[in-house]
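Architecture and fold: a report
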Amino acid sequence: MEKWMGGDMHPSYRILMGPGPSNVHYRVYQAMSNPIIGYLDPQILACMDEISEMLRGVFHTKNQVTLAISATGSAGMETSYVNFVEPGDVVVIGVSGFFADRMTQVASRSGANVIRVEEEWGKMIDPEKVIKALKEHPEAKICGMVHGETSTGVRQPLEEIGAYCKKKDILFVVDAVTTLGGYEVKVDDWGIDVCYASSQKCLGVPPGLSPITVSPKAMDVLRSRKTPVQSFYLDLTLLAKYWGTERVYHHTAPASLFYALREGLQIIFEEGLEARFQRHQTLGDRLKMDLEGLGFKLFAQEGYRLPMLTAVVLPDGMDDVKTRSRLLNEHNIEVGGGLGYLKGKVWRVGLMGETCKLRYIHCLIGALREMIP
Ligand SMILES: Cc1ncc(COP(=O)(O)O)c(C=O)c1O
């Protein structure tokens, strides 16, 4: 038999302390082994209803259109722009990291005229600066922000920007890929119109789904488009007809992932949102303290550090690639390297969902202590 044609695959049980994916609860794996059923089977439709209802809970929203796109977080980002942008629309985006930059690319590929509000990586963007840009561009249709910038570990305050967008009828798009399930995301209270996330970070589910919620105001904007949405797969009108009461076939439901998300959300509500956020905060603080104790420097601006993702500058003389591969190969621990200009200089250490446990902090710090002379 040819070498590539046989044999079992046994991926190692890693401690996933990178920027995601995070570890998956055994109950989620068990849920995934349930039998596959059809995309219009009443049982899968009931499962989807439960997912929508629980997602409304984590997003803190009453939005009817709250569903999970059958693709990773990047698809949530694409959905947020391809549905609402028509050629030439002005979109203002706050940029102080890799994923916000990606957002500008996605918006501009959707046909938008993008205005970037830049800030140095590692700093939050002053909401006043974003509001100033929106005032300078009163024709702006959308304002986009990343809540948790995974490249820098910064948490972006959103409320002031959301309040301004609400007053001016601007659609407020928020990337909550890193934060949802680990930090509060108050879609309705913060005036967010479109908010997307991904399954594999603080929701503790394998990658492959992108939860999204869309306000009635955004759905009205969508319905009044002059041009059809370019993407069939990500067309929210069609998705809403499948997830809503009409139940019109749109694509084949990835049943195993839906079972997984349903179970992951149930686990979240069993723990309680407040308790979960507190766990991320307390252990995130502990990780930061321990890493500083080893000579790492915190990269993100004080007061705006994410609990679930800590970006640290490496101590002098530490070899990025060698140390991370030793962590992986000798200790089964994954941590993330830097993105963009931070490559080789910064690590991104995640404590997301199921991985957010004191024992994993001990594993990482213990392993590092052995390596640092
Ligand atoms: C803030 C942010 N947005 C978007 C993405 C893209 O999500 P995905 O990798 O699930 O496509 C990521 C991935 O790490 C992210 O951290």
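Further up the page is the structure itself.
What you are looking at is a predicted structure, and each value in this text was computed from that prediction instead of being measured.

A few words now on the site of the ligand. Of all residues adjacent to the ligand, which total 14 residues, the nearest are Thr 72, Gly 73, Ser 74, Thr 150 and Val 177. Grouping the amino acids of the shell around the ligand by side-chain chemistry returns six nonpolar, seven polar and one charged.

A few words now on unusual backbone geometry. Note that the residue after Gly 20, namely Pro 21, is joined by a cis bond; omega there is 10°. Mapped onto the elements of the fold, Pro 21 is located in the loop between strand E1 (15–17) and helix H1 (26–32). The residue Asp 169 is not glycine, and still its phi comes out positive at about 60°. Of note, Asp 169 is situated in the loop between helix H6 (159–168) and strand E8 (171–175). Unusually for a residue other than glycine, Asn 332 sits at a positive phi of about 60°. Within the element layout of this structure, Asn 332 appears in the loop between helix H11 (320–331) and strand E13 (333–337).

What follows deals with the sheet that holds E1. Taken in spatial order, the five strands make up an open sheet running E1-E13-E14-E12-E11, and their pairing is mixed. Single-partner strands in this sheet number two, and they are E1 and strand E11 (297–298). Sheet analysis places E1 next to E13, joined by three bridges and oriented parallel. Residue pairing for E13: Met 17 is matched across the bridge by Val 335. The sheet contacts of helix H12 (residues 358–371) involve E1 and E13, and relative to E1 the element is tilted by about 85°.

Before going further, it helps to examine the nonpolar core. With 110 residues, the main nonpolar core has Cys 143 and Cys 195 as its most contacted residues. Element by element, the count of residues in this core is highest for helix H9 (residues 255–271), at eight residues. Here this core spans two domains, since at least three of its residues come from each of domain 1 (15–21 + 272–371) and domain 2 (27–268). Those residues within four positions of Cys 195 in sequence are excluded, and the remaining contacts are Phe 59, Val 174, Ala 176, Val 185, Val 187, Ile 212 and Thr 213.

Each value, and the rule that gives it
Residues numbered from 1 in each chain as written. Predicted model: local features only at pLDDT ≥ 70, side-chain atom pairs only at ≥ 80, totals over all residues. Near = placed C-beta within 6 Å. Nonpolar A, V, L, I, M, F, W, Y, C, P; charged D, E, K, R; others polar. Helix = DSSP H or I, 4+ residues; strand = E, 2+ residues; numbered from the N terminus. Pairing = 2+ DSSP bridges. Contact = placed C-beta atoms within 7 Å. Axes fitted to C-alpha atoms, helices over the stretch in contact; angles between N-to-C directions. Core = buried A, V, L, I, M, F, W, Y, C linked by C-beta atoms within 7 Å. Buried ≥ 20, exposed ≤ 12 C-beta atoms within 10 Å, placed from the backbone. Domains from an automatic or database assignment.

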